[in-house]
Amino acid sequence: ETGVTQTPRHLVMGMTNKKSLKCEQHLGHNAMYWYKQSAKKPLELMFVYNFKEQTENNSVPSRFSPECPNSSHLFLHLHTLQPEDSALYLCASSQVSFGGGAYNEQFFGPGTRLTVL
Amino acid sequence: DAKTTQPNSMESNEEEPVHLPCNHSTISGTDYIHWYRQLPSQGPEYVIHGLTSNVNNRMASLAIAEDRKSSTLILHRATLRDAAVYYCILRDVAGGGSNYKLTFGKGTLLTVNP
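Calculation criteria
Residues numbered from 1 in each chain as written. Chains lettered and ligands numbered in written order. Predicted model: local features only at pLDDT ≥ 70, side-chain atom pairs only at ≥ 80, totals over all residues. Heavy atoms only, no water. Disulfide = S-S within 2.5 Å. Helix = DSSP H or I, 4+ residues; strand = E, 2+ residues; numbered from the N terminus. Buried < 20%, exposed > 50% of the residue type's maximum accessible area, 1.4 Å probe, protein only. Salt bridge = Lys/Arg side-chain N within 4 Å of Asp/Glu carboxyl O. Pairing = 2+ DSSP bridges. Axes fitted to C-alpha atoms, helices over the stretch in contact; angles between N-to-C directions. Phe/Tyr/Trp six-rings, centres within 6.5 Å; stacked < 30°, edge-to-face > 60°.

J.: Describe in detail the state of the cysteines, supporting the description with residues and values.
T.: All names here are of chain B. Tallying each qualifying case throughout the model produces two disulfides over all chains. Between the sulfur of Cys-22 and that of Cys-88 lies a disulfide, 2.1 Å long from S to S. Linking Cys-22 and Cys-88, the disulfide has an S-S dihedral of approximately -85 degrees and is accordingly described as left-handed. Of the two residues, Cys-22 sits in strand E2 (residues 18-23) while Cys-88 sits in strand E8 (residues 84-92), which places them 66 residues apart along the sequence. For Cys-22, a relative accessible area of 1% translates into the label buried. The exposure class of Cys-88 is buried, given its relative accessible area of 2%.

J.: Just give me the short version of the pattern of salt bridges, but keep the residues and values in it.
T.: Inspection of every chain in the model, using the stated rule, returns five salt bridges over all chains. Between Glu-44 of chain A and Lys-41 of chain A there is a salt bridge; the shortest N-O distance is 3.8 Å. A residue is classified by how much of its surface remains accessible, and Lys-41 of chain A, at 45% relative accessible area, is partly exposed. Three or more residues joined by partner-sharing salt bridges are found here, namely Arg-37, Glu-45 and Asp-82 of chain B.

J.: Which residues make up the sheet that holds strand E1 (residues 9-13) of chain B, and what values do they have?
T.: Residues and elements named next belong to chain B. Strand order in the open sheet formed by five strands is E1-E9-E8-E3-E4, with mixed pairing between adjacent strands. In this open sheet, the two strands that pair with only one neighbour each are E1 and strand E4 (44-50). On average, each strand axis in the sheet is tilted by 25 degrees relative to the strand beside it, whichever way the strands run. Pairing between strand E3 (residues 31-38) and E8: eight bridges, direction antiparallel. When the bridges of E8 are listed, Tyr-36 appears paired with Tyr-87.

J.: Tell me about unusual backbone geometry, residues and numbers included.
T.: Between Thr-7 of chain A and the following residue, Pro-8 of chain A, the backbone shows a cis peptide bond with an omega angle of -10 degrees. Within the element layout of this structure, Pro-8 of chain A appears in the loop between strand E1 (4-7) and strand E2 (10-13). Positive phi, close to 55 degrees, is recorded for Ser-59 of chain A, a residue that is not glycine. Within the secondary structure, Ser-59 of chain A is located in the loop between strand E6 (53-57) and strand E7 (64-70). Classification of Ser-59 of chain A by relative accessible area gives exposed; the value is 72%. Within the chain, Ser-41 of chain B stands out as a residue other than glycine whose phi angle is a positive 65 degrees.

J.: Please provide a residue-by-residue account of the packing of aromatic side chains, values included.
T.: For the structure on display, the rule yields nine aromatic pairs over all chains. Judged by centre distance (6.3 Å) and plane angle (80 degrees), the ring pair of Phe-108 of chain A and Tyr-36 of chain B falls under edge-to-face. In this pair, Phe-108 of chain A sits in strand E10 (residues 107-108) while Tyr-36 of chain B sits in strand E3, so the two residues belong to two different chains. As far as the burial class goes, Phe-108 of chain A and Tyr-36 of chain B line up, both buried. With a centroid separation of 6.0 Å and an interplanar angle of 85 degrees, the aromatic rings of Phe-108 of chain A and Phe-104 of chain B are classed as edge-to-face. Taken as a pair, Phe-108 of chain A in strand E10 and Phe-104 of chain B in the loop between E8 and strand E9 (108-113) lie in two separate chains rather than in one. As far as burial versus exposure is concerned, Phe-108 of chain A and Phe-104 of chain B are alike and both buried. Ring-pair connections join several aromatic residues into one group, and the members of that group are Tyr-33, Tyr-35 and Phe-108 of chain A together with Tyr-36, Tyr-46, Tyr-87 and Phe-104 of chain B.

Here's what the structure looks like:
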């Protein structure tokens, strides 16, 4: 148990469906992240939120829409996905210290295994 | 972020030490060396990090070469639970803003034999 929970753990959806992934962190952190892990590929950072503001979007297609209503919750809204979007989607959180200095590790959730048919 | 090179896979026997190497010949003076691992069906978890000096914690030890162009993660007594993909990551702490980013490579798949 890392203090980061993700729901659902498994999701199967058609290309025309709309679904959402949820992440919640119970660690009091100020930053949250979405990563994508495809089969046999490294983890790819998708989005970063600091203090509820999006600070990073790594050229992610608009069919993925993140939402961060508060510093404890992060959503990834999905619509009109493609089969190649099937992957493990991981959420993480950390306490960010700006200006360098102390390192605060990222804590990852268990992920949502997404299959797009 | 500077690049790291790790072997694709390594094998060890239970209760024996494991030395996982990482090359980072283009490391800059402000890059910290981090190790994370990912157990099967789980998200990655932090293992250890360091800058110049060797580091020890309850999970592992990190040995950093004097020129910082390579490092080694040491598991003193491997257990079956240590079977995972181990990632060596450089993180630049110069300035603010993006110092929180982690760029994962393919890592080393460690197999532990009973």
